[in-house]
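# Residue-level structure breakdown
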Amino acid sequence: MELFPLIEKSSIQDIKKFQEEKLHELLQYLEMNSPFYQKLFKENNIQISDIKTLEDLRKIPTTSKNDIQQNNDDFFCVSQTHIVDYSTTSGTLGDPVTFGLSENDMERIAYNEAISLACAGIQKGDVVQMITTIDKRFIAGLAYLLGLRKMGASVIRMGPGIPELQWDSIFRYKPKYLITVPSFLLKMIDYAEKHGIDYKSSSVIGAVCIGESIKNQDFSDNILSQKIKEKWNIKLFSTYASTEMSTAFTECEFQIGGHQHPELIITEILDDEENPVKEGESGELTITTLGVEALPLLRFKTGDLVKAHYEPCECGRNTMRLGPVVGRKQQMIKYKGTTLYPPAMNDILNDFDGILCYQIVIQSNEIGLDEIIIKLSTEREDESFEGEVRDHFRAKLRVSPKIEIVNFDVLSKTVFNPNSRKPITFVDLR
């Protein structure tokens, strides 16, 4: 297969024309097969023949995860007999949201991951160790497996956790790349150092990092990335995806944002009034899927606040690139006049070597204001540590949250929940 699609290196004008043709096909498909969008078009007097350009998308109302949760069955465009895999993602109203994939959707996901992982430099014949969940209805691990197989790479399906077993596999099968939550790399390094494992001489040259940010907004390494590279000189590649998109944005070797695949997704960056933000400003990522058969989405608001980058990339792709996620819109915190997002607090906590694990808890106090509680486990025993953490927050973010020291055995069970594919470092109880 072609791992470097020509459309991605076409001119901006050609990419736009290509996407407008794909958009027209999608609208016809939705009008014919989607009960939800049939109703939306009718209620808003939308004639799909009037939607000719990407700019015309603004004539169509946006969709949110709440819409899918409340009308899950109506989003399906194929019968149950055509679904070959069921995946779920967390819902804003409590119950998970169900996504079904047809055989064609599985092929599309394989294609998406193959060209995305090729962005990061993975090639046919490379050995890749997957340190990510493939069961429990998570789509990510399945997507990586399908993509790696499609591109002709060899796969070691390790799953998350157990550093001892990860190192045994690395030295036994000599993978070139890992796919992992980046904070787990620190646990692997710590285990290796405590057990005399010469990890710096291993076969690993790079890791595709999922679930956590490793970059600042200017694409410099954030604290987490710096701490990994100080110990282990490997390449770290960002990737961003979600179940709803069935598409990934992965960095190329120049590492200045995750590349959009224009044959798979249309993107908009919208402000609070659902108008496109000015270039260089952050806004809510809103996506329209292309080529999805079972559950396609039109103008779906992801809830993630991001910044798009349009200047040419040295790799030759002319596609838009997404910067690191600024935060999730629903996770915005107003604390004593300061607006905060969890990633900023993650950076501060990752700055400390003595923290074993942590969890940021947001709750409303008795007068309805946001309250921040930082639960953390530490190997440091000095009484000054709690004050140092509080002072660091005050210096960096101008806020002083409540700090709770919790036993590692207790806190780790909630942070590293086996039913989650990534650490649960943020809990919103509001």
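Described below are features of the structure shown in this document. (Residues numbered from 1 in each chain as written. Predicted model: local features only at pLDDT ≥ 70, side-chain atom pairs only at ≥ 80, totals over all residues. Heavy atoms only, no water.)

### Looking at the overall build of the protein chain
Each helix and strand in the protein chain was counted, giving eleven helices and 20 strands. Taken against the 2.2 N^0.38 rule, which gives 22 Å for 430 residues, the C-alpha radius of gyration of the protein chain at 22 Å falls within 12% of a compact globule. Viewed in the frame of its principal axes, the protein chain has a C-alpha envelope of about 70 × 60 × 45 Å. A total of 430 residues make up the protein chain; the buried ones form 53% of that total. Intrachain contacts of the protein chain at a sequence separation of at least 6 include 66% that bridge at least 24 residues. For the protein chain, the accessible area works out to roughly 20,100 Å², and carbon and sulfur atoms hold 48% of it. Charged side chains of the protein chain number 49 positive and 63 negative; the gap between the two group centres comes to 1 Å. (Helix = DSSP H or I, 4+ residues; strand = E, 2+ residues; numbered from the N terminus. Rg over C-alpha atoms; globule rule 2.2 N^0.38 Å. Buried < 20%, exposed > 50% of the residue type's maximum accessible area, 1.4 Å probe, protein only. Contact = heavy atoms within 4.5 Å. Areas by Shrake-Rupley, 256 points an atom, 1.4 Å probe, with all protein chains shown as cover. Lys, Arg positive; Asp, Glu negative; His and termini not counted. Charge placed at Lys NZ, Arg CZ, Asp CG, Glu CD.)

### Comments concerning the packing of aromatic side chains
Taken as a whole and judged by the stated rule, the model has ten aromatic pairs. Ring geometry for Tyr-37 versus Phe-41: centroids 6.3 Å apart, planes at 35°, classification tilted. Here Tyr-37 and its partner Phe-41 are both found in helix α2 (residues 35-43), four residues apart, which amounts to about one turn of the helix. Per residue, the accessibility class of Tyr-37 equals that of Phe-41, and both read buried. Note on Tyr-37 and Phe-75: the rings are 5.6 Å apart at their centroids and 85° apart in plane angle, and the pair reads as edge-to-face. Of this pair, Tyr-37 sits in helix α2 while Phe-75 sits in the loop between α3 (65-70) and β1 (83-89), and the two are 38 residues apart along the sequence. Of the two residues, Tyr-37 and Phe-75, both sit in the buried class. Within the aromatic cluster, the residues linked to one another by ring pairs are Phe-36, Tyr-37, Phe-41 and Phe-75. (Phe/Tyr/Trp six-rings, centres within 6.5 Å; stacked < 30°, edge-to-face > 60°.)

### A look at the layout of surface pockets
Approximately 770 Å³ is the volume found for the second largest pocket. Around the second largest pocket sit 25 residues that line it, and Leu-54, Glu-55, Thr-267, Tyr-310 and Met-320 are the ones nearest its centre. Secondary structure elements with two or more residues in the lining of the second largest pocket: α1 (12-33) and β10 (265-270). In terms of residue class, the lining of the second largest pocket is made up of twelve nonpolar, six polar and seven charged. (1 Å grid on protein atoms, 1.4 Å probe; cavity = no way out; pocket = protein on both sides within 12 Å on 5 of 7 lines; lining within 4 Å. Points joined across faces, edges and corners; volume = space filled by probe spheres on them. Nonpolar A, V, L, I, M, F, W, Y, C, P; charged D, E, K, R; others polar.)

### Notes on the side chain of Lys-301
Summarising the element assignment, Lys-301 is placed in strand β12 (residues 300-309). Looking at Lys-301, its side chain comes within polar contact range of the side chain of Glu-274, at 2.9 Å. Apart from the residues lying within four places of it in its own chain, the contact partners of Lys-301 are Thr-62, Thr-63, Ser-64, Glu-274, Glu-284, Leu-285 and Thr-286. (Polar contact = N/O pair within 3.5 Å; in protein donor to acceptor, adjacent residues only side chain to side chain.)

### Examining the sheet that holds strand β17 (residues 355-364)
One open sheet accounts for four strands, arranged β19-β18-β17-β20; its pairing is mixed. Strands with a single pairing partner mark the edges of an open sheet, and in this sheet they are β19 (402-405) and β20 (426-428). Taking the axes of each pair of neighbouring strands and ignoring which way they run, one obtains an average angle of 20° across the sheet. One ladder, built from four bridges, connects strand β18 (residues 370-378) with β19; its direction is parallel. Bridge pairing in β19 links Ile-374 to Ile-403. Along the sheet, helix α11 (residues 408-415) makes contact with β17 and β18, crossing β17 at roughly 65°. (Pairing = 2+ DSSP bridges. Axes fitted to C-alpha atoms, helices over the stretch in contact; angles between N-to-C directions.)

### Side note on the pattern of salt bridges
In total, this model carries 24 salt bridges according to the counting rule given. Of the charged contacts, one joins Glu-20 and Lys-16 as a salt bridge, the two residues approaching to 2.4 Å between their closest N and O atoms. You can see Glu-20 and its partner Lys-16 sitting in helix α1, four residues apart, about one turn around the helix. For Lys-16, a relative accessible area of 28% gives the class partly exposed. The network of salt bridges with common partners includes Lys-16, Glu-20 and Glu-55. (Salt bridge = Lys/Arg side-chain N within 4 Å of Asp/Glu carboxyl O.)

### Observations concerning α2
Among all positions in α2, only Phe-36, Tyr-37, Leu-40 and Phe-41 are buried. The buried residues of α2 occupy one face: seen down the axis, they fall within an arc of 125°. Facing away from the buried side of α2 by more than 90 degrees, the exposed set consists of Lys-39, Lys-42 and Glu-43. Looking at the residues trailing α2, positive phi occurs at Asn-45, about 50°. (Arc of directions from axis to C-beta.)

Just geometry here; none of it tells us what the structure is for.
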